[in-house]
Amino acid sequence: MHLFVLLLSVLFSPSALAFEASEMQESAHTVGKGNLQLHPGLFQSSYGLTDKMDLRTHVAAQYFGFNAQLKYAVMQSETSAFSLEPTVYSEWPWAPLGFPSYSAGARARYSTEMGKGRLNLGVGAIYDVQKVTFRIIQGDFEADRGIELKAEYSASIFHSPRVWAHEAEHPDDDTWIFKGVRVPVIIGYEIPTNDTSTWNLVLRAHPLNIVNEGSWYTEFNPSWNHIANEKFRYALGLNVVVPGNPLPIADDELSDHIADAEGDDHMRAWMDKFPQTPVAVFPHVAFWWRL
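Residue numbers here run from 1 along each chain, matching the order of that chain's written sequence. Side-chain atom pairs in this predicted model are given and counted only at pLDDT of 80 or more, local residue features only at pLDDT of at least 70, and totals for whole chains, interfaces and linings cover all residues. Heavy atoms from the whole structure form the basis of all side-chain values; hydrogens and water molecules are not counted.

S.K.: Let's hear about the overall build of the protein: which residues, and what values?
M.R.: Helix and strand counts for the protein come out as 5 helices and 15 strands. Contacts: residue pairs with any heavy atoms within 4.5 Å of one another. Residue pairs in contact within the protein that sit at least 24 positions apart in sequence constitute 56% of those at least 6 positions apart. The helix count covers DSSP runs of H or I at least four residues long, the strand count covers runs of E at least two residues long, and both are numbered beginning at the N terminus.

S.K.: For the pattern of salt bridges, give the residues involved together with the corresponding values.
M.R.: Two side chains carrying opposite charge are able to pair once their charged atoms lie near each other. Salt bridges are identified by distance alone: a Lys or Arg side-chain nitrogen within 4 Å of an Asp or Glu carboxyl oxygen. Applying the stated rule across the entire model yields 9 salt bridges. Of the charged contacts in the structure, one is a salt bridge between Arg118 and Glu190, with a shortest N-O distance of 3.0 Å. Of this pair, Arg118 sits in strand β7 (residues 117-142) while Glu190 sits in strand β11 (residues 185-192), placing them 72 residues apart in sequence. As far as burial versus exposure is concerned, Arg118 and Glu190 are alike and both buried. Relative accessible area decides the class of each residue, using a 1.4 Å probe on protein chains only: under 20% of the type maximum gives buried, over 50% gives exposed, and in between gives partly exposed.

S.K.: So what's going on with the pairing of strand β9 (residues 169-172)? Which residues, and what values?
M.R.: Two strands pair under a simple rule: DSSP has to find at least two bridges between them. Relative to strand β10 (residues 175-182), β9 runs antiparallel, the two being bridged by 2 bridges. Counted as the bridge partner of Asp172 is Thr175 from β10. Hairpin remark: β9 followed by β10, antiparallel, with 2 residues in the connecting loop.

S.K.: Explain the side chain of Asn221 to me, and be specific about the residues and the numbers.
M.R.: Its location among the elements puts Asn221 in strand β13 (residues 218-227). Taking the relative accessible area as the measure of exposure, Asn221 reaches 3% and is therefore buried. Polar contacts, as counted here, are pairs of nitrogen or oxygen atoms within 3.5 Å of one another; within protein the pair requires one atom able to donate a hydrogen and one able to accept it, and residues that are adjacent in sequence qualify only if both atoms are side-chain atoms. A polar contact is formed between the side chain of Asn221 and the side chain of Asn239, at a distance of 3.1 Å.

S.K.: Lay out a negative patch on the surface with the relevant residues and their values.
M.R.: Exposure above 30% relative accessible area and the lack of any salt bridge qualify a residue for a patch; like charges then connect within 9 Å, and the nonpolar side chains Val, Leu, Ile, Met, Phe, Trp and Tyr within 5 Å. Only the protein chains shown count as cover for residues, and the accessible areas themselves come from Shrake-Rupley with a 1.4 Å probe. By the counting rule applied here, Lys and Arg register as positive and Asp and Glu as negative, while His and the ends of each chain are not counted. Where a charge lies is defined by one atom per residue type, namely NZ (Lys), CZ (Arg), CG (Asp) and CD (Glu). A cluster of acidic side chains, namely Glu167, Asp172, Asp173, Asp252, Glu253, Asp256 and Asp260, defines a negative patch on the protein surface. With 4 residues, helix α4 (residues 252-260) is the single largest residue contributor to the negative patch. Structurally, the position occupied by Glu167 is in the loop between α2 (160-163) and β9.

S.K.: Please give an account of the environment of Gln44 that cites residues and values.
M.R.: On the secondary structure map, Gln44 appears in the loop between β1 (36-38) and β2 (45-50). Placed 24 residues apart in sequence, Gln44 and Ala68 show a C-alpha to C-alpha distance of 9.2 Å. When near neighbours in sequence (up to four residues on either side) are disregarded, Gln44 contacts Gln25, His39, Arg56, Thr57, His58 and Gln69. Polar side-chain contacts of Gln44 include one of 3.0 Å to the side chain of Gln69.

S.K.: Break down the packing of aromatic side chains for me, with residues and values.
M.R.: Only the six-membered ring of Trp is used, alongside the rings of Phe and Tyr, when aromatic pairs are assigned; centres must lie within 6.5 Å, and planes under 30 degrees apart are stacked while those over 60 apart are edge-to-face, with the rest tilted. For the structure on display, the rule yields 8 aromatic pairs. Taking 6.3 Å as the distance between ring centres and 40° as the angle between the ring planes, the aromatic pair formed by Phe232 and Phe287 counts as tilted. Remark: Phe287 occurs in strand β15 (residues 280-290) and Phe232 occurs in strand β14 (residues 232-242); sequence separation between them is 55 residues.

S.K.: Residue-level account of the confidence of the model for the protein, with values.
M.R.: Of the residues in the protein, 83% reach a pLDDT of 70 or more, and the chain-wide mean stands at 84. Think of pLDDT as the predictor's per-residue confidence, scored from 0 to 100. Counting interchain partners and residues more than four positions distant, the pLDDT-below-50 stretch residues 1-16 has 14 contacts.

S.K.: Can you lay out the pairing of β14 for me, pointing to particular residues and giving the numbers?
M.R.: Note: β13 against β14, 8 bridges, orientation antiparallel. Note that in β14 the partner of Ser223 across the bridge is Gly237. One ladder, built from 10 bridges, connects β14 with β15; its direction is antiparallel. Bridging across to β15, Phe232 finds its partner in Trp289.

S.K.: Could you give an account of the nonpolar core, with specific residues and numbers?
M.R.: Each nonpolar core is a collection of buried residues, namely Ala, Val, Leu, Ile, Met, Phe, Trp, Tyr and Cys, held together in the definition by side-chain atoms within 4.5 Å. Val132, Phe134, Ala151, Ile157, Ala168, Trp176, Phe178, Ile249, Ala250, Leu254 and Ile258 together form the largest nonpolar core, which totals 11 residues. Mapped by element, the contributors of at least two residues to this core are β7, β10 and α4. Residues in contact with Leu254, not counting those within four places in the same chain, are Val132, Phe134, Trp176, Phe178 and Ile249. Counting residues in each nonpolar core, the second largest holds 7 residues, with Phe43, Ala235, Ala286 and Trp288 among its members.

S.K.: How would you sum up the side chain of Glu219? Please name residues and give values.
M.R.: Take Glu219: it is sitting in strand β13. The class of Glu219 is buried, set by a relative accessible area of 12%. Excluding residues that lie within four positions of it along the chain, Glu219 makes contacts with Val202, Leu203, Arg204, Asn239, Val240 and Val241.

S.K.: Lay out unusual backbone geometry with the relevant residues and their values.
M.R.: A cis amide bond, omega 10°, links Phe99 with the succeeding residue Pro100. By secondary structure assignment, the location of Pro100 is in the loop between β5 (80-91) and β6 (102-114).

S.K.: Summarise α4; cite the residues concerned and give the values.
M.R.: Taken residue by residue, α4 has Leu254, Ser255 and Ile258 as its buried positions. What you see down the axis of α4 is that its buried residues fit within an arc of 100°, all on one side. For α4, the exposed residues set more than 90 degrees away from the buried face come down to Asp252, Ala259 and Asp260. Within this analysis, the arc is defined by the directions that extend from the helix axis to the C-beta atoms.

So this is what it looks like as structure tokens:
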């Protein structure tokens, strides 16, 4: 019991500390030389190589492929910053259904104090080559069911509908390759409520996809962020995502192929178990350490 009380006091004790300008993911500020901002979940972790340059990565996403980003602050002061951020992603070779998918490009961010809070703006240009595999394979013979056909697909299939608006190349019956440029745009505003808490309202969109008559993928992410102690922070909020369920497929031929698949384990089957809605709302929980 005493250990439990001690843990709560460590995690949620009041603090006179305020959020650093670099703590919100959309900020153009860097974390500072030798400092580590560790996000084990949704967002990028950052390590300060110099006072003006961070090395960043999604730790959890390393499971799917190598990803890295540099953030270089061209201009940085206590009240504003402008950064350039080259980025790269590559599917791991041991995931053959999605390999050799990759992405490369850069983002620019600008942060400045505005009113009682801080405005964060970002825009990027990312070139993607996304290999999607979807095929029907023959299962084992079962006396009561015969030979069952099963769907097998790459994890990359869940990325293509959201951020690629281009028709795919179709080199064989099982493979679709999406190639093109996307332009992610981010608008965020931080609203401090006191010394230890702030609201962060973020809109993320891909307008070039809409221009190309592709996916209208947009995300609105309001969250309440709190400083628990000198090192530990957490955030609670919502992710409001368009499109919702079912997840649209960027290529009509691939979409038809998936819709025609039989069995209980293909992606459309489990999507059908959830409500069909144009907007999906998910809880947002995040936590991180500043070390």
